[in-house]
Structure formats: C-alpha cells, structure tokens
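Observations on chain architecture
As a plain string of letters, each chain reads:
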Amino acid sequence: MKTIIYLTALYLTLQFNLSAQVNRYQLDDFQTENSITKNDCDKQRPVYYNFSKRRLYASNKMPIRGGDFLNLCRGINDHNVQIQIRRYNELTRRKKGLVTATIICGVGGYLTLIASTMMGISSYSSDRHYIGMAIGGAALLATPFLAISTAIPHQKRKEILFHDLPEAYNFYVTSPTNP
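The next subject is the overall build of the protein chain. Along the protein chain, the regular secondary structure elements total six helices and three strands. Across the 179 residues in the protein chain, those meeting the buried criterion constitute 27%. Pairs at least 24 apart in sequence give 68% of the contacts found in the protein chain among residues at least 6 apart. Total accessible area on the protein chain stands at roughly 12400 Å², and carbon and sulfur atoms take up 62% of it.

Now the structure itself:
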C-alpha cells in the first residue's frame, strides 16, 4: 500500500513539474528587484491590487513583489502612507515576539519535562519533580496556541500590504498636491 501511495505522489509531482514547464497553469513571473528602476519611482503611477489573490500590479499589469512595494513606500513622505508603514512595522514586531515566545515555550517545556523526569528518577522521596512536570506540560500545551496566534498579526500584515497601503499610496499619487 505504501508503494502505491509513493508512486502516486511521484507521478503527481512529475505531472505538475512537466505542466509547469509548459506553463499550462500560467504561473506568474514576478518582477525582479532590478525591474523597479529609478524612472519608475520618479513617475509614481498608481498601483492596482487584488486582495483575494494577494497580488500587486503596476499600470502595465506587471506583478510587483510586496517587499519591493513596501520599500518604495518607505521613502514617501506622506502622512497616510507613513501610518500604514507604522502599522505594518508594529504587527511585524508583534509577530516576531509571538514566534520567539513559541520557540521558547516549546524548547523550555521540553527541557523542563526532561529535567523533572530525571530528577524524579534520581530521588524517590522528592515531590518537586511533579511541579516541574506540570510547568513543562503547561509550556508544551501553550506552544500550539502561541503558534496559531502568530497567524493573526500575519494576516493583518498582509491586509495592510495588499489593501490599505496601496490605497494610501494611490491616494498620494493621484492627489493634486503631490509634489
């Protein structure tokens, strides 16, 4: 049975690779970092966005990478654009903190459980190892909840990058007071 599943997975992978080479699925080519030139930044054209597909497009329907667009917007001295950049940075810090807490809880809980188990094996009269096992178990149980909670700032970051920031940028570009 394992052989059949393995061969089926191998066949599907090979089929997808061959179809991708023929471009039957029409995979998009993203812009490289060199494709956004100084002339493109000077012209400041509106950006079109598709939030459901999480894509940004230039006026010539060429896809733009989110990181390149974010770096382009960091240099703009507009109040609304800078508010969106600050929100994005705050959510990035929050996400990094949650990821760090997840790693610390996972590793700390695992090490605490091992240490308390070893302490319980070595001394039969001590009940302190039960406290360590409870703390380690609680830390290990908190790990998946922290990992799931990292998705919330991540989704909000994507919403800012692919919806709110392009709207603020387009308002800046199309406003008559734009220098």
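There is more to say after this.
The next subject is the nonpolar core. Within the largest apolar cluster, 20 residues are counted, with the highest numbers of intra-cluster contacts made by Phe69, Cys73, Val81, Leu165 and Tyr169. Only helix H3 (66-74), helix H4 (79-122) and helix H6 (151-174) provide two or more residues apiece to this core. Ranked by residues supplied to this core, first place goes to H6 with eight residues. What Val81 contacts, discounting residues up to four positions off in sequence, is Cys73, Ile76, Leu165, Ala168, Tyr169 and Tyr172.

Over its 24 residues, H6 extends 33 Å from the first C-alpha to the last, a length consistent with the 34 Å expected when each residue adds 1.5 Å. Where H6 bends most, the angle comes to about 40°, and this point is Ile160.

So, on to the side chain of Ser116. You can see Ser116 is positioned in helix H4. Given the relative accessible area of 3%, Ser116 is considered buried. Ignoring sequence-local partners within four residues, the contact set of Ser116 consists of His129, Gly132 and Met133.

A word on the packing of aromatic side chains. Scanning the model with the defined rule gives one aromatic pair in all. Aromatic pair Phe69 and Tyr169: ring centres 5.3 Å apart, planes at 85°, arrangement edge-to-face. Note that Phe69 is positioned in helix H3 and Tyr169 in helix H6, a separation of 100 residues in sequence. The pair formed by Phe69 and Tyr169 is uniform in burial state, with each residue classed as buried.

Right, let's get into helix H5 (residues 128-149). If you check H5, its first and last C-alpha atoms are 32 Å apart, about what 22 residues at 1.5 Å a residue would give, namely 32 Å. Taken together, the buried positions of H5 are His129, Gly132, Gly136, Ala139, Thr143 and Ser149.

Definitions and cut-offs
Residues numbered from 1 in each chain as written. Predicted model: local features only at pLDDT ≥ 70, side-chain atom pairs only at ≥ 80, totals over all residues. Heavy atoms only, no water. Helix = DSSP H or I, 4+ residues; strand = E, 2+ residues; numbered from the N terminus. Buried < 20%, exposed > 50% of the residue type's maximum accessible area, 1.4 Å probe, protein only. Contact = heavy atoms within 4.5 Å. Areas by Shrake-Rupley, 256 points an atom, 1.4 Å probe, with all protein chains shown as cover. Core = buried A, V, L, I, M, F, W, Y, C linked by side-chain atoms within 4.5 Å. Expected span 1.5 Å × (residues − 1). Bend = angle between axes of the 7 residues up to and from the residue. Phe/Tyr/Trp six-rings, centres within 6.5 Å; stacked < 30°, edge-to-face > 60°.

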